[in-house]
Amino acid sequence: MVTETDVQNAVVELLRKTVVRLPADVKSALKAAAEIETEEVPRMQLKAIMDNIALAEEGNTPMCQDTGVTIFYITLPRNCEVDVEKGIVDGVRLATKEVPLRPNAVQPLTRKNPGDNVGERMPFINCKVGDKEYIEITVMTKGAGSENMSQLGMLTPSQGVPGIKEFVLSTVLRAGGNPCPPMVLGIGIGGSSDICMKLAKEALLRPLNERHKDSEIAALETELLEALNMLDIGPMGLGGRTTVLGLNIEYAYCHTASLPVAVNVQCWAARRGTVRIHPDGKLQFPTHEEG
Ligand code: SF4
């Protein structure tokens, strides 16, 4: 039977892979961005990013000094008896020492730093029960430079789709070079204020090369991506053809009198990782199959 220690060790390995190596879809998007840049400055910026990624992989060290805060999404089997939450918290503590992760999590008012990335509601764990026999743990390590550029807009229904486009555009313009572009955008539409922000972050978990299954939403994803890449903010904000590497939308039905829109801004270091812990203890890392 899987134990809390198994979960802890799986989380350490998951965090190590996540902060060292980007998922294949993000690396492909960076490579494609480099291929279409014609100007020297953005080409150099993308080359520096890709050299950085290669060095991190070679040295098994984090790709950025800001290893973020840890946001988890877990799916448990029915009748799961192991305390997965405890395993995750212990795993984050151990990973902070062993990977290492920068101790980023502080008390918001006193700014006191416990030094282990663990505190009230941190790591933050979103949990649901699924129908698989394995435990699935996904983590997003979210840096502050990009997260600080995220925004929620409580639009009126009369603002409609044009209002949504304007809000996304103004969020990206306001962000400029701050979130270490080329950025990835997770966009939430609908729900309520809290649901919308949650959808925006969850949208970042979908691979960049997968469009939404609803064709109308998929068309909006493509249209926004193309429009945003005409802004010439470019890699690291120094101009260029790729401001946004990828853009995913998730939506929920909302009140007839509301139209919430949320943009969660992610940087080029779009780190996300998943581990599956099977009942026999075997680990599988679907986001990091190559290493
Ligand atoms: S925004 Fe991203 S790439 Fe830039 S410093 Fe923060 S984590 Fe690193």
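Residues numbered from 1 in each chain as written. Predicted model: local features only at pLDDT ≥ 70, side-chain atom pairs only at ≥ 80, totals over all residues. Heavy atoms only, no water.

**Some details on the domain arrangement of the protein**
For step 1, the next point in the chain: What the domain assignment lists for the protein is domain 1 (4-21 + 63-143 + 270-288) and domain 2 (145-266).
For step 2, the next point in the chain: Look at where the C-alpha atoms of domain 1 and domain 2 centre, and you get two points 26 Å apart.
For step 3, the next point in the chain: With 11 residues of domain 1 at the contact, the number on the domain 2 side is 14 residues.
For step 4, the next point in the chain: Carbon and sulfur atoms supply 59% of the area buried between domain 1 and domain 2, which totals about 960 Å² over both sides.
For step 5, the next point in the chain: On the surface where domain 1 and domain 2 come into contact, there are 8 residue pairs in polar contact (both at pLDDT 80 or more). (Domains from an automatic or database assignment. Contact = heavy atoms within 4.5 Å. Buried area = accessible area lost by both parts, 1.4 Å probe. Polar contact = N/O pair within 3.5 Å; in protein donor to acceptor, adjacent residues only side chain to side chain.)

**Let's talk about the sheet that holds strand E9 (residues 283-284)**
For step 1, the next point in the chain: Spatial ordering of the open sheet is given by E2-E1-E3-E8-E9, a layout of 5 strands whose pairing is mixed. With one partner strand each, in any of the chains shown, strand E2 (124-129) and E9 form the two edges of the open sheet.
For step 2, the next point in the chain: In this sheet, strand E8 (residues 272-277) lies alongside strand E3 (residues 135-142) in antiparallel orientation, the contact comprising 6 bridges. Paired with Thr138 across the bridge in E8 is Thr274.
For step 3, the next point in the chain: Sitting on the sheet, helix H1 (residues 4-20) touches strand E1 (69-76), E3, E8 and E9, and the angle it makes with E3 is about 40 degrees. (Pairing = 2+ DSSP bridges. Helix = DSSP H or I, 4+ residues; strand = E, 2+ residues; numbered from the N terminus. Axes fitted to C-alpha atoms, helices over the stretch in contact; angles between N-to-C directions.)

**What about the packing of aromatic side chains?**
For step 1, the next point in the chain: Scanning the entire structure with this criterion turns up 0 aromatic pairs.
For step 2, the next point in the chain: The ring of Phe285 has Lys17 lying over it, and the distance from NZ or CZ to the ring centre is 4.9 Å. (Phe/Tyr/Trp six-rings, centres within 6.5 Å; stacked < 30°, edge-to-face > 60°. Lys NZ or Arg CZ within 6 Å of the ring centre and 35° of its normal.)

**Some details on the site of the ligand**
For step 1, the next point in the chain: Surveying the vicinity of the ligand reveals the residues Cys64, Gln65, Asp66, Gly143, Gly145, Ser146, Pro179, Cys180, Cys267, Trp268 and Arg271.
For step 2, the next point in the chain: Its residues placed into classes, the shell around the ligand shows 5 nonpolar, 4 polar and 2 charged.
For step 3, the next point in the chain: Mapping the shell around the ligand onto the domain boundaries places at least three of its residues in each of domain 1 (4-21 + 63-143 + 270-288) and domain 2 (145-266). (Near = heavy atom within 4 Å. Nonpolar A, V, L, I, M, F, W, Y, C, P; charged D, E, K, R; others polar.)

**Thoughts on the environment of Val261**
For step 1, the next point in the chain: Following the sequence through the fold, Val261 ends up in strand E7 (residues 259-266).
For step 2, the next point in the chain: According to the relative accessible area criterion, Val261 is buried, its value standing at 0%.
For step 3, the next point in the chain: Residues Val261 and Thr110 lie 151 residues apart in sequence; the distance between their C-alpha atoms is 31 Å.
For step 4, the next point in the chain: Excluding its chain neighbours within four sequence positions, the residues that come into contact with Val261 are Gln151, Leu152, Gly153, Leu155, Ile164, Phe167, Ile187, Gly188 and Cys196. (Buried < 20%, exposed > 50% of the residue type's maximum accessible area, 1.4 Å probe, protein only.)

**Points about empty space enclosed by the protein**
Empty space left among the atoms is revealed by rolling a probe the size of a water molecule over them.
For step 1, the next point in the chain: In the structure shown here, the tally under the stated rule is 1 cavity of 30 Å³ or more.
For step 2, the next point in the chain: Broken down by class, the residue content of the lining of the largest cavity amounts to 6 nonpolar, 1 polar and 2 charged.
For step 3, the next point in the chain: Residue assignment places the lining of the largest cavity across two domains, with domain 1 (4-21 + 63-143 + 270-288) and domain 2 (145-266) each supplying three or more. (1 Å grid on protein atoms, 1.4 Å probe; cavity = no way out; pocket = protein on both sides within 12 Å on 5 of 7 lines; lining within 4 Å. Points joined across faces, edges and corners; volume = space filled by probe spheres on them.)

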